[in-house]
Amino acid sequence: MATNVVMPQMGYDMREGTVVRWYKQEGETVDRGEVIADIETDKATVEFEAYTGGVLGRIVAEAGVAVPVGELIAIITEPGESVPEAAAPAPSPAAVPAPAPVAAEPEPAAAPPPASDGGVRASPIARRLARERGIDLALVAGSGPNGRITERDVENYQAAAPAAAPETAPAPASTPEPVAAPSDSRIELSRMRQTIARVTSDSKSTAPHFYVTAEVDMGSAMSLRRDVNDASDPENRVSVNDLMVKACALALAKHPKFNSFFRGDHLEVHGAMNIGIAIALESGLILPGVSNCESKSLLQIASATKDLIARANSGTLRNEEYSSTTFSISNMGMFDVESFTAIIYPPHAAILAVGSVKQQPVVRDGELTVGTMMKATLSTDHRVADGAEAAQFLMEIKRVLENPVSLLL
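Here the structure is a predicted model, which is why all the values come from computation and not from measurement.

A. Structural detail: the sheet that holds strand β2 (residues 16-22). Taken in spatial order, the five strands of this open sheet run β7-β2-β4-β5-β16, and their pairing is mixed. Where the open sheet ends on each side, the last strands, each with one partner, are β7 (66-68) and β16 (317-318). When β2 meets β7, the two strands line up antiparallel, connected through three bridges. Looking at the pairing, Gly17 lines up with Val67 of β7.

B. Just the layout of surface pockets, in detail. Space inside the second largest pocket adds up to approximately 810 Å³. Along the wall of the second largest pocket there are 35 residues; nearest its centre are Ala278, Ile279, Leu285, Ser330 and Asn331. Contributing elements (two or more residues each) for the lining of the second largest pocket: α3 (191-206), α5 (240-254), β13 (279-281), β14 (284-286), α6 (298-314) and β17 (327-331). Residue contributions to the lining of the second largest pocket peak at four residues, all from α6.

C. Broad picture of unusual backbone geometry. The omega angle of the peptide bond from Pro346 to Pro347 is 5 degrees, so this bond is cis rather than trans. For Asn292, which is not glycine, the phi dihedral falls at a positive 55 degrees. Residue Asn292 is classed as partly exposed on the basis of its relative accessible area of 32%. Positive phi outside glycine occurs at Asp336, with the angle close to 65 degrees. Residue placement: Asp336 occurs in the loop between β17 and β18 (350-354). The class for Asp336 is exposed, based on a relative accessible area of 52%.

D. Here's a closer look at the pattern of salt bridges. A complete count under the given rule lists 16 salt bridges for this structure. For Glu188, the salt bridge goes to Arg186, with nearest N and O atoms at 2.4 Å. Notably, a salt bridge pairs Arg399 with Glu396, separated by 2.8 Å at the nearest N-O pair. Here Arg399 pairs with Glu396, and both are found in helix α8 (residues 387-402), just three residues apart, close to one helical turn. Classification of Arg399 as partly exposed rests on a relative accessible area of 38%. Judged by its relative accessible area of 10%, Glu396 falls in the buried class.

Reading the values: the criteria
Residues numbered from 1 in each chain as written. Predicted model: local features only at pLDDT ≥ 70, side-chain atom pairs only at ≥ 80, totals over all residues. Heavy atoms only, no water. Pairing = 2+ DSSP bridges. Helix = DSSP H or I, 4+ residues; strand = E, 2+ residues; numbered from the N terminus. 1 Å grid on protein atoms, 1.4 Å probe; cavity = no way out; pocket = protein on both sides within 12 Å on 5 of 7 lines; lining within 4 Å. Points joined across faces, edges and corners; volume = space filled by probe spheres on them. Buried < 20%, exposed > 50% of the residue type's maximum accessible area, 1.4 Å probe, protein only. Salt bridge = Lys/Arg side-chain N within 4 Å of Asp/Glu carboxyl O.

Below is the structure:
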């Protein structure tokens, strides 16, 4: 029986996607779980795996054409089965109607497509921006690794593109040059920044946030981290964020309400703890996740996190890493931020904001001493949990970090 393959929703905020490349041609065999296409979203290019096996009977969505979530992009048939006649190919790029504009989110006007960029190395965001602005990537100099073109390179190229105004004769030396008055300017938002604006606004207006903050003594956890890293492969070192992911997984096991989604008249509680990690890219913030943290060791989480960050920066994340997260962590400690509050990523019930680990004066047993301290703030959806429950969950995270032996179990 033929199976319709539709544009997947790779994340809560995804509205449409574009097939960048098909790895299979019509008539070729497809195995279940095999990567058959690269799909570009507002935030990254994601590998798309076939959810059934068979033969790729028809490619409906052409590469480069934006397709709404849920729309048909291909048909997979059984071997020897004919493709249903009802399946029609997707319209060509010229025939695709522009989506109706939303008053609160005006979309930038479509630009003519740039010339083919051939084998030019460029980030997914840079390719999209060049396509929107009609810039040929072959003319842009890349400043990234191995000459890779970044979003900033495309923006700088466009800024330098207009022809310079003809030079005028210099004013006489006796005439003082007028001081130019400061002028206003306009910065166009990338599609990624528009998406972030929409999602955060929706979250704050829909989910009633409240916040609880705790100060955690990280002395024992940092000592454990040093011991683990001294005994481990240098390529698999544990970060403070890895400690946080493992501690949250242990705390979620005791407080499963925080690993749930609010669904109107019930909570959808998840067994798997797929913890999203806020990753700052050049073009904005994304929140892919490490799956099944409840069954991963600290070293396995460290390895998975490094792989996740590397593929986030190269634009090769998988669908489930975007769409399956159930809880999230935002860590700004590396920026020397002591404390902050984060906006919940819908439909999550909560997000943990982690500050820097610092040495500071503390009082222990009536004596002044130096402690290694960190502040953590939990943002919670009040529809899911109350203040006392959020405090108990945060105190469990604090307990695990201050008695970190359980992080190795």
